[in-house]
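Fold and contact review
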Amino acid sequence: MIFTGVVLILGSCAIPDRKYSEELKHDIPVHQFTGDLDMYKSPSIETYGENANYNNNMGSRHPVAGTIPRGFMPYMYPNTNEGYMMAGDSLRNPYSNTPENLAKGADIYTKFCLHCHGTTGAGDGPVITNSNGKFPPPTSYIDGVSSGGGDMKDLPVGKMFHTITYGRNMMGSHASQITAEERWKVILHIQALINQGQRASAESGTDESETANEEETSAAVEAEAEEEQTETEENE
Ligand code: HEC
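Described in the following lines is the structure provided in the data block. None of the values given here were measured: they were computed from a predicted structure.

Helix and strand content of the chain: eight helices and zero strands. Taken from N to C terminus, the helices and strands of the chain fall in the order α-α-α-α-α-α-α-α. In the chain, buried positions account for 25% of the 236 residues. Excluding contacts between residues fewer than 6 apart, the proportion of contacts in the chain whose partners are at least 24 apart in sequence is 47%. Counting every atom, the chain has about 17400 Å² of accessible surface; 57% of that belongs to carbon and sulfur.

So, about the site of the ligand. The full set close to the ligand counts 24 residues, and Tyr84, Cys113, Cys116, His117 and Met171 are the nearest of them. Separating an oxygen atom of the ligand from a side-chain N or O atom of Tyr84 is a distance of 2.5 Å. Contact between the ligand and Ser147: an oxygen atom at 2.5 Å from a side-chain N or O atom of the residue. Those elements giving two or more residues to the shell around the ligand turn out to be helix H4 (114–117), helix H6 (157–166) and helix H7 (180–203). Of the residues that constitute the shell around the ligand, the class distribution is 15 nonpolar, eight polar and one charged.

Protein-derived ligands of the iron atom of the ligand are His117 (NE2) and Met171 (SD), with the metal-ligand distances lying across 2.0 to 2.1 Å. If you look at the iron atom of the ligand, its six donor atoms make angles of 88 to 179° with each other, and the shape they trace is octahedral. Placement of the pair is His117 in helix H4 and Met171 in the loop between H6 and H7, with a sequence separation of 54 residues. Looking at His117, the relative accessible area reads 11%, which means it is buried.

Quick look at the packing of helix H2 (residues 81–90) against H6 now. At a minimum axis distance of 6 Å, the contact between H2 and H6 shows a crossing angle of 135°. What the angle tells us is that H2 and H6 run oblique. The element H2 and its partner H6 pack so that their crossing is right-handed. Of the residues in H6, those in contact with Gly83, Tyr84, Met85, Ala87 and Gly88 of H2 are Gly158, Lys159, His162 and Thr163. A breakdown of the residues in the contact of H2 with H6 according to their chemical character gives three nonpolar, five polar and one charged.

So, on to a nonpolar patch on the surface. Together, Val127, Phe135 and Met170 make up an exposed nonpolar region whose accessible area comes to about 280 Å². For Met170, a relative accessible area of 60% puts it in the exposed group.

For the rest of this paragraph, the subject is the packing of H6 against H7. Helix-helix packing is described using two parameters, namely the angle between the two axes and the distance between the axes. It is at 10 Å that the axes of H6 and H7 come closest, and there the two elements cross at 125°. Relative to H7, the element H6 lies oblique. The way H6 lies across H7 gives a crossing that is right-handed. Here H6 contributes Val157, Met160, Phe161, Ile164 and Thr165 to the contact with H7, which in turn contributes Ala180, Arg183, Trp184, Val186, Ile187, Ile190, Gln191 and Ile194. Looking at the contact of H6 with H7, its residues break down into 10 nonpolar, two polar and one charged.

So, how was this worked out
Residues numbered from 1 in each chain as written. Predicted model: local features only at pLDDT ≥ 70, side-chain atom pairs only at ≥ 80, totals over all residues. Heavy atoms only, no water. Helix = DSSP H or I, 4+ residues; strand = E, 2+ residues; numbered from the N terminus. Buried < 20%, exposed > 50% of the residue type's maximum accessible area, 1.4 Å probe, protein only. Contact = heavy atoms within 4.5 Å. Areas by Shrake-Rupley, 256 points an atom, 1.4 Å probe, with all protein chains shown as cover. Near = heavy atom within 4 Å. Polar contact = N/O pair within 3.5 Å; in protein donor to acceptor, adjacent residues only side chain to side chain. Nonpolar A, V, L, I, M, F, W, Y, C, P; charged D, E, K, R; others polar. Donors = N, O, S within 2.8 Å, 3.2 Å for Na, K, Ca; no water. Tetrahedral: all angles 85-135°; square planar, octahedral: opposite > 155°, others 65-115°. Axes fitted to C-alpha atoms, helices over the stretch in contact; angles between N-to-C directions. Parallel < 35°, antiparallel > 145°, perpendicular 65-115°, else oblique. Left-handed = near helix turned anticlockwise from the far one by under 90°. Patch = residues over 30% accessible without salt bridge, like charges linked within 9 Å, V, L, I, M, F, W, Y side chains within 5 Å. Salt bridge = Lys/Arg side-chain N within 4 Å of Asp/Glu carboxyl O.

Have a look at this one:
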């Protein structure tokens, strides 16, 4: 019953002899109630729109040369060996070893560096070990020698920052992937890895002359590494 009623009511709208005023047809604009057309079609320059006042006809302008975005700190050292050495001599890490900073650094390392540099920084990440020798391993942070000279364990933080910013030989630039702040924090993590590696070899008394008990030694290193792993997990 209700259904029939609805059909009847709707049907009544379509009574053929009922005529609507022509003015009520919405597709034909009849009156415009504003004083002038500008209210509808604004003459102001639209964002990213056209602007005939400029040669290239574009509304957006280039920033003035040398403009620095808010919160961005330009990196002053050029991508040259001199720049690398200068960065090494003069840059200091503005972030300290707080648990938060270290945790952030470890997170960045896991996401952007571990696949090449390896969990402990020995240069044995999965990209290297699975490449069948196609990718030469990165120098070990713990006992390697930097291609720029000096032991990796003593590598100045400025050289690290420079390398992460511009890349170095087989390592690409990470400047577009991680911010300067993240670069400094991942450096804290690298230094923590260096300290861990150093402690592990010092405590196990590794020494080239002691090859006789090599097996024992590597077992001790592994045990130590495991212990440290648990320690870090507990600290997190
Ligand atoms: C594609 C593999 C790869 C990735 C990813 C990678 N590295 Fe490297 N890294 C290398 C190689 C290879 C070297 C050795 C470069 C050389 O000196 O010839 C190196 C060297 C370094 C050095 C030593 C630079 C010096 O002055 O001797 C540091 C520090 C470093 N990497 C940090 C990082 C950090 C931090 C990340 C992550 C943000 C990272 N790397 C990601 C491959 C990689």
